Amino acid sequence: MASHRVTPALQRVLFTWQHVAWKSRCCAVASHAKYSTVYDPAEKTFDKILIANRGEIACRVMKTCKKMGIKTVAVHSDVDSSAVHVKMADEAVCVGPAPTNKSYLNMDAILEAARQTGAQAVHPGYGFLSENKEFARRLAAHGVTFIGPDTHAIQAMGDKIESKLIAKKAKVNTIPGFDGVVKDAEEAVRIAGEIGYPVMIKASAGGGGKGMRIAWNDEETREGFRFSSQEAASSFGDDRLLIEKFIDNPRHIEIQVLADKHGNALWLNERECSIQRRNQKVVEEAPSTFLDPETRCAMGEQAVSLAKAVQYSSAGTVEFLVDSKKNFYFLEMNTRLQVEHPITECITGLDLVQQMIRVAKGYPLQHRQADIPINGWAIESRVYAEDPYKSFGLPSIGRLSQYQEPVNIPAVRVDSGIQEGSDISIYYDPMISKLVTYGSTRAEALQRMEEALDNYVIRGVTHNIPLLREIITHPRFVSGDISTKFLQEVYPEGFKGHQLSDSERWELLATAVALFVAAQLRSQRFLGNLRVSSSQQEQRRWELSVELEKGVHAVTVSRSGSTYAVDLDGKRVDVSSEWNLASALLPVTVNGTQRTVQCLSRSASGEIDLQYLGTSYKLRVLSKLAAALNKHMPEKVPEDTSSILRSPMPGSVVAVSVKAGDTVAEGQEICVIEAMKMQNSMTAAKTAKVKSVHCNAGDTVGEGDLLVELE
Amino acid sequence: MAALKVVRSGSRLLNGFQSLLNNPRKVTCGVAATVTKHPRWYCVSHLSVQERIERKRKAALSGGGQQRIEAQHRRGKLTARERVELLLDPDSFVEYDMFVEHRCSDFGMEADHNKDFTVFGGSLSGAHAQKICKIMDQAMMVGAPVIGLNDSGGARIQEGVESLAGYADIFLRNVMASGVIPQISLIMGPCAGGAVYSPALTDFTFMVKDTSYLFITGPDVVKSVTNEDVTQEELGGAKTHTAVSGVAHKAFENDIDALLNLREFFNFLPLSNKDSAPITECHDPSDRLVPGLDTVVPLETTKAYDMLDIIHGIADEREFFEIMPNYAKNIVVGFARMNGRTVGIVGNQPKVASGCLDINSSVKGARFVRFCDAFNIPIITFVDVPGFLPGTAQEYGGIIRHGAKLLFAFAEATVPKITVITRKAYGGAYDVMSSKHLRGDVNYAWPSAEVAVMGAKGAVQIIFRGKENQAEAEAEYVEKFANPFPAAVRGFVDDIIQPSMTRKRICRDLEVLASKKQANPWKKHANIPL
């Protein structure tokens, strides 16, 4: 553990050093510390920028500001007062209590903070006020520059209905749909009937998958309308919805554009963002395996023509749906820096934040379209604090008791705004970090991603690394055969973790057994105890039993040096390691293959939890005798959960649809929990009578809290 | 009552009769257990001595016979012999007194001797008590801990006063051994009547969930005397004793889980009061910084946090063996290692009742502190205490008397004492929690510390009673007192440290304090306010 536990300050040093070293080997590469664009100190931009955001994106913007010699101002809510972005900034101003509408969406307070600190410009990051024209307008009125497009473009593109009309006019391919606001559920059903199912219902003011539902029939349309309008109201304060044809099995590919205030616009290639769950991106890559140069060029040119049509300036993203025949349709334009912008930076060498700041100051673009390269391949995994075993990710909260980013691996960039000891709270997005790996080829980038995920230490909150690792190693993903349906198609029954092959199983069992023996031996090494015999020989051979997923295996282990030869049902597996039992990472060599395994926990009763190939496995190692006697131990019956509905995540109860005595059908909605601004419908696991209801609308509930009991 | 007494000590002290177990920290054990009476044996006197020895060994080894063994297994329990084998390392156990029944029979006693449930329901006989006493005497002499695995029906009514005498003999030895060698009881079945007092006298009592009970009288007697309807589990099950009565220190899932955990627990303890606390090989760097601790204490002084986050953060490999985790949860006690060295940790738990001290938490803390002091285990105290819990329930219950126990225990302790004030240290509770004034060796404060007579609100209400501008006065009070400086300038805290440095500092201090020598004035014994 020693060498890995370093202070945040040291981590940053390592990070920089890392990329410097790497740069010398591969100069075409744009990593965080290495962009092909130069920071010209003579080019005067701003003295001080306020970043109206939190978390990783606030940190990301500050990093570029520091490079450009610009002072930074952080704003924060009271619960964020010791957050990383606050520590990183030169100045920090508290703008209100935890709920976002009182802090990060509190325009008055943020404007006041800008005034107080004398910030000349505001970078809004993504989310929050980034696409709020009112905010941009008020900043302008105060003489503060908004780092982003002007209000006209935000308004035009922020409204999905208007943006579609403009796109049509600009000769951008669009999806058939209803170009207007839908009044109520019944109108939604009628329009859906006209367009033809399936349809997509989405918030007019929306983005990021929030307030978005797909409906395949009238019933779902009504339900979707209700959910979307509620979510839209709570997320954006605007419950207007629209409906359009849903393109089945499409890819989601977006074009990064960059424009200045002088009428110049560039397209910076595409990002493939098809791997999504609930319309939120999980894994992104640049470039896309699917696009040929012609399609890329056509998409790029349409994107630029749209940008020009609205006199766009700053960085923006034009999202397209691409069907299997490479037909592409305009989806929407995001008038802000995207979450997944780092992969574009990796392959083009541009620092997008720097470009945004330059453009905001009024400088013309430094590049021409021909200057924009595609160098190598970059992949981004969004590491979330969420449980991937529940609908591919339900939010989880908690304190990061241990946290270590895999920045010691070459060509890895981690954008995060948290550190060991940070709290992931219910108030904000549960993203832990964006893990980006780069390679000269896709295979190399994928290989590094695998390694980086294995070496990423996150304890204290449930995280989605098991799912990320499965995705990036899945044959379909590796071959590039993906669509926005990828997760549902690959895991129709829901994500169940990595499925072990036979040889992987042996490897895992042997690793656990060897770890057990190493720990046993160490527990017998007492130092400085005078009453210890020196004559005692250390045990060299063990007869043990190891259990995994109900399968029990007898094993014998013999040791020579730091290598354990494990005999497992007649198969011999050699496991060697330094056996540093304090380290969160356990690098082992199993039959010659090197791997990093993580020991999540070890108990006195022989339970060992290992994170192996991304997934965590519960194993139990016992002596032969204990294993033989174990069958006499009483089986403790876990409580029958089909009649109990517990909250799968922390959040607040939005609505309770049943009361005691009601009869509910299997699958019927019982209540709605809102967490991280997503509404989740809790349904009955069986048909039964409601025995008791333990929650009311408006309650805050924790994970595992009892909501409703059925008979 | 203890069916088995297992003693351990360094191997050089043991020869001949004892078996060596385990690891370099040798476990030596003797046992008084599992002998069965078999009347037919007396009819076969023509057998050679050798053959008789063999037959008796075999009979003894099978406990009460296959059927009885199976019955025990059906109850989800193991036999005494299986338990001992699990507790100790393979082939390391040598039994004492396997032939004890001979002597008893020769003396014409009703021979049934032990508390192994497979043999005669395991009630206590005079002979069995003798076996236990023999082992305990031996353990005291060599300085080896005693572990009792208890599965006993109580005194053998048929034996009358003889078995009562047997109990008393054991009690006396428990008391004599107290503070000399660590004594641990693991309750693995019913343990009723007089038998319960032996575990009560030992340092730690552990139980097995669902299969062990401790009570003075069972549900039937309770019903006839007080007319209460109560199940065995409610009256004296593991849950009751670990959460309500505080009689037991921890409960485990089943026999195997309990025995394996006992092995782990054992490694924290020194062999006797003459030995230092053990030091194990440690892979966790002693100078490791813990950045997470810098943000663990919330900025709002009224907001709770989990003291276990701090304890796990500083301990070697985040390992903490908590004692009484479900009882008086407003104080956390348990064992951990710092740079391989066993330490006892005491911490107020802000998550429960704001971490205040009340009757139960004071007694829980006091007993733990005294154990550590008796067995040379350094004590690390984490303080975030708003004071003693007010109210009639506490005053009538004698919080003054019980709170004094914790004060007494900390004051009298002469082992290395390191204290870290993480946030509140208010009033008398500040004094109690291993303060400088009670001979704390090293007392640290985190920047978030507030050492004061009371919180700002209460103080201002008293000082400025009836005056206006309370809010202003409160702010002034906070500025003046709600910080570590008043204590630091007076030398009541030795240093104000960055939380992330805490592990590093404690490990270094323990190194220095390893040679600490401090003695209390000679006395027969102190008079702790019981």
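Under an unreviewed UniProt entry, chain B has the name Propionyl-CoA carboxylase beta chain, mitochondrial and belongs to Scleropages formosus. We quote the UniProt Subunit (unreviewed entry) comment for chain B here in full: "The holoenzyme is a dodecamer composed of 6 PCCA/alpha subunits and 6 PCCB/beta subunits." Quoted verbatim from the Pathway (unreviewed entry) field of the UniProt record, the comment on chain B reads "Metabolic intermediate metabolism; propanoyl-CoA degradation; succinyl-CoA from propanoyl-CoA: step 1/3."

Under an unreviewed UniProt entry, the name given to chain A is Propionyl-CoA carboxylase alpha chain, mitochondrial, and the organism recorded is Scleropages formosus. Annotation of chain A in UniProt includes, under Subcellular location (unreviewed entry), the sentence "Mitochondrion matrix". Its UniProt record gives chain A a comment under Pathway (unreviewed entry), which states: "Metabolic intermediate metabolism; propanoyl-CoA degradation; succinyl-CoA from propanoyl-CoA: step 1/3."

Caption draft 1: Local environment of the overall build of chain A. For chain A, the helix and strand inventory stands at 18 helices and 39 strands. The globule rule puts the C-alpha radius of gyration for 711 residues at 27 Å, and the 27 Å found for chain A is close to it. Along the first, second and third principal axes, the C-alpha set of chain A runs to 85 × 70 × 50 Å. Taken across its 711 residues, chain A has 59% of its residues classed as buried. Sequence-distant contacts, at least 24 apart, represent 64% of the contacts inside chain A between residues at least 6 apart. Each charge sign in chain A was given a centre, from 82 positive and 86 negative side chains, and these centres are 4 Å apart.

Caption draft 2: Molecular detail of the packing of aromatic side chains. All names here are of chain A. Using the criterion set out here, one finds 31 aromatic pairs over all chains in the structure. Note on Phe477 and Phe486: the rings are 6.5 Å apart at their centroids and 70 degrees apart in plane angle, and the pair reads as edge-to-face. In this structure, Arg226 packs its charged tip against the face of Phe227, placed 5.4 Å from the ring centre.

Caption draft 3: A look at a nonpolar patch on the surface. A grouping of Leu172, Val175 and Met176 of chain B is seen on the molecular surface, where their side chains present a nonpolar patch of about 280 Å² in accessible area. With respect to the helices and strands, the residue Leu172 of chain B is situated in helix α6 (residues 161-177).

Caption draft 4: Inspection of the pairing of strand β2 (residues 146-152) of chain B at higher detail. Residues and elements named next belong to chain B. Judged by how many residues are buried, β2 sits mostly within the fold: seven of seven residues are covered. By the alternation rule, side chains of β2 split into Val146, Gly148, Asn150 and Ser152 and Ile147, Leu149 and Asp151, which are all buried. Pairing geometry for β2 and strand β3 (residues 183-192), over six bridges, is parallel. Bridge pairing links Gly148 to Ser185 in β3.

Here is what the cut-offs are and how they apply
Residues numbered from 1 in each chain as written. Chains lettered and ligands numbered in written order. Predicted model: local features only at pLDDT ≥ 70, side-chain atom pairs only at ≥ 80, totals over all residues. Heavy atoms only, no water. UniProt positions renumbered as here; feature names shortened; annotations may be inferred. Helix = DSSP H or I, 4+ residues; strand = E, 2+ residues; numbered from the N terminus. Rg over C-alpha atoms; globule rule 2.2 N^0.38 Å. Buried < 20%, exposed > 50% of the residue type's maximum accessible area, 1.4 Å probe, protein only. Contact = heavy atoms within 4.5 Å. Lys, Arg positive; Asp, Glu negative; His and termini not counted. Charge placed at Lys NZ, Arg CZ, Asp CG, Glu CD. Phe/Tyr/Trp six-rings, centres within 6.5 Å; stacked < 30°, edge-to-face > 60°. Lys NZ or Arg CZ within 6 Å of the ring centre and 35° of its normal. Patch = residues over 30% accessible without salt bridge, like charges linked within 9 Å, V, L, I, M, F, W, Y side chains within 5 Å. Areas by Shrake-Rupley, 256 points an atom, 1.4 Å probe, with all protein chains shown as cover. Salt bridge = Lys/Arg side-chain N within 4 Å of Asp/Glu carboxyl O. Pairing = 2+ DSSP bridges.

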